[in-house]
Amino acid sequence: MIDIRAAPQEVGTVELMVRRPAVDEREVVDEAELDLEEGLVGDNWRARGRSGGRRPANPDAQITVMSSRAIALAAGDRDRWALAGDQLYLDLDLSGDNLPPGTRLEVGSAVIEVTAEPHTGCKKFAARFGLETLEVFNSPEGRALNLRGINTRVVRAGAVHVGDAVRKI
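Residues numbered from 1 in each chain as written. Predicted model: local features only at pLDDT ≥ 70, side-chain atom pairs only at ≥ 80, totals over all residues. Heavy atoms only, no water.

Regarding the sheet that holds strand β3 (residues 31-35)
The antiparallel open sheet is built from three strands, whose spatial order is β4-β3-β10. The open sheet has two edge strands, β4 (39-40) and β10 (158-161), and neither has a second partner. Pairing of β3 with β10, which is carried by four bridges, proceeds in the antiparallel orientation. Looking at the pairing, Ala32 lines up with Val160 of β10. (Pairing = 2+ DSSP bridges. Helix = DSSP H or I, 4+ residues; strand = E, 2+ residues; numbered from the N terminus.)

A word on the packing of aromatic side chains
Overall, the coordinates contain three aromatic pairs when judged by the stated rule. Judged by centre distance (5.8 Å) and plane angle (40°), the rings of Phe125 and Phe137 are tilted. Within this pair, whereas Phe125 is found in helix α3 (residues 123-129), its partner Phe137 is found in helix α4 (residues 131-137), the two being separated by 12 residues in sequence. Phe137 matches Phe125 in its accessibility class, with the two residues each being buried. Taken together through their ring pairs, the aromatic side chains of Phe125, Phe129 and Phe137 make up a single cluster. (Phe/Tyr/Trp six-rings, centres within 6.5 Å; stacked < 30°, edge-to-face > 60°. Buried < 20%, exposed > 50% of the residue type's maximum accessible area, 1.4 Å probe, protein only.)

Some thoughts on helix α2 (residues 68-75)
The element α2 is largely enclosed, with a buried count of seven among its eight residues. All buried positions along α2 are accounted for by Ser68, Arg69, Ala70, Ile71, Ala72, Ala74 and Ala75. Buried-residue contacts for α2 involve β1 (11-19), β5 (63-67), β6 (88-91), α3 and α4. The positive-phi residue at the C-terminal boundary of α2 is Gly76, with phi of around 75°. (Contact = heavy atoms within 4.5 Å.)

Focus: the pattern of salt bridges
Oppositely charged side chains are able to pair whenever their charged atoms sit close together. Summed over the entire model, instances satisfying the criterion amount to 14 salt bridges. For Arg5, the salt bridge identified is with Glu141, shortest N-O distance 2.0 Å. Within this pair, whereas Arg5 is found in the segment before β1, its partner Glu141 is found in helix α5 (residues 140-145), the two being separated by 136 residues in sequence. The class of Glu141 is partly exposed, set by a relative accessible area of 46%. Among the ionic pairs, Arg46 bridges to Glu37, the shortest N-O distance being 3.1 Å. Overall, Arg46 belongs to the partly exposed group, its relative accessible area being 38%. Residue class for Glu37 comes out partly exposed when judged on its relative accessible area of 47%. (Salt bridge = Lys/Arg side-chain N within 4 Å of Asp/Glu carboxyl O.)

A look at the pairing of strand β9 (residues 150-156)
Consecutive residues of a regular strand have side chains that alternate between opposite faces of the sheet. Pairing analysis gives three bridges linking β5 to β9, with the strands arranged antiparallel. Residue Ile63 lies in a different strand from β9, and its bridge partner there is Thr152.

Let's talk about the nonpolar core
One finds Leu34, Val65, Leu88, Val107 and Ile112 to be the most contacted residues of the largest nonpolar core, which totals 22 residues. Those elements giving two or more residues to this core turn out to be β1, β3, β5, β6, β7 (104-107), β8 (110-114) and β9. The dominant element in this core, judged by the number of residues it contributes, is β8, at three residues. In this structure Leu88 touches Leu16, Met17, Ile63, Thr64, Val65, Met66, Val107 and Ile112, once residues within four positions along its chain are discounted. (Core = buried A, V, L, I, M, F, W, Y, C linked by side-chain atoms within 4.5 Å.)

What follows is the structure, given as structure tokens:
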């Protein structure tokens, strides 16, 4: 059994990176650039915006991060992780106690900052991983652990590779 609470608190690892070039498209990559304006270069975050493109992209949700341990429980097969729709999958304790808003993480040569913007699942997440999974992830305990993930913004541009260390700074 995967123990989410046993995830490293100070130094973790980038386990998977995903670009979303278009709605419902996923591109798993071994390396990526994080940019102050574009977020993950090649991702559609900025172009997609909010409310179906009717509002500009939310800078506090520039890079979405999910625990590799949480997605492993939800998805099972690693080939299904990217379906969650997040960009970075980290082996790191993402709980609110460990990474409150304002916490900065050095990821490769980039730095991202945890924002207060909640990251909750949507209908697509429930359809892909089950309503029960979404309910557990959004339960009070699941929210405290940030099982569905966290939102971040890029504060220092840089390169990131799968296998890079992730450090709280």
